[in-house]
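# Understanding the architecture of this molecule
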Amino acid sequence: ESDSGTDNTDSNSGQLEIAVREYGDRQRVYFDASWQYGDNAVITDGSAVMYKSSANPNGIVVAVNAGHGTVGGTTVKTLCHPDGSAKTTGGTTASGMTFNDGVAESYVTLRMAEILRDALLDEGFDVLMIRDEEDVQLDNVARTVMANNIADCHIALHWDSDGLSYDKGCFYIAVPEALKSM
């Protein structure tokens, strides 16, 4: 990590302003179709970015996947699961849902990912940012396959808009031990 020490204020029409740290030393990581299930990915032209921690590195790589943000993701038929099994819910790889104030989920998840990246780097983790800008041409399968082959942990950031009358709050999904070998 090479932190230049400068902050840029990022805003989307004056909404959700945060300071974004600048990094000079970043490595582009490209999708490899020969990885297991790589042949099930359809949108694979993009790249992720690897950030290396300089603050007591612990050798653990965390993939941070800012959900959505694949321009054209709504016009291309893609799979949801790396093994080719069917998607069980609706959704899109493009912009995701829209908040009541008009801000797209893809914008919010990217800002969240940048904050998480900085916190993880400060704690000694290396971070593979699956989506490091507004648009990354990697579908859900490509993102998952990339994380499975490079990272020790994969965190995918999303917001749910399922029409429920209550706020579900924060939750996580983990793979049961019996399925990890699949």
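We now turn to the structure provided with this report. (Residues numbered from 1 in each chain as written. Predicted model: local features only at pLDDT ≥ 70, side-chain atom pairs only at ≥ 80, totals over all residues. Heavy atoms only, no water.)

Another point: the overall build of the chain. Looking only at helices and strands, one finds 2 helices and 7 strands in the chain. The order of α-helices and β-strands along the chain, N terminus first, is β-β-β-β-β-α-β-α-β. Each of the 182 residues in the chain was classed as buried or not, and the buried ones make up 37%. Counting only contacts in the chain whose residues sit at least 6 apart along the sequence, the fraction spanning at least 24 positions is 71%. When the accessible surface of the chain is summed, it comes to about 10300 Å², and 49% of that surface belongs to carbon and sulfur atoms. (Helix = DSSP H or I, 4+ residues; strand = E, 2+ residues; numbered from the N terminus. Buried < 20%, exposed > 50% of the residue type's maximum accessible area, 1.4 Å probe, protein only. Contact = heavy atoms within 4.5 Å. Areas by Shrake-Rupley, 256 points an atom, 1.4 Å probe, with all protein chains shown as cover.)

All right, on to the pairing of strand β6 (residues 126-129) then. Both faces of β6 are covered, namely the face carrying Asp-126 and Leu-128 and the face carrying Val-127 and Met-129. Here strand β4 (residues 47-51) runs beside β6; their pairing, made up of 3 bridges, is antiparallel. Across the sheet, residue Tyr-51 finds its bridge partner in β6, namely Val-127. Relative to β6, strand β5 (residues 61-66) runs parallel, the two being bridged by 4 bridges. (Pairing = 2+ DSSP bridges.)

Turning our attention to unusual backbone geometry. Even without being a glycine, Tyr-37 presents a positive backbone phi close to 70 degrees. With respect to the helices, strands and loops of the structure, Tyr-37 is situated in the loop between β3 (27-30) and β4. Since its relative accessible area comes to 26%, Tyr-37 is described here as partly exposed. With a phi close to 50 degrees, Asn-56 is a non-glycine residue in the positive phi region.

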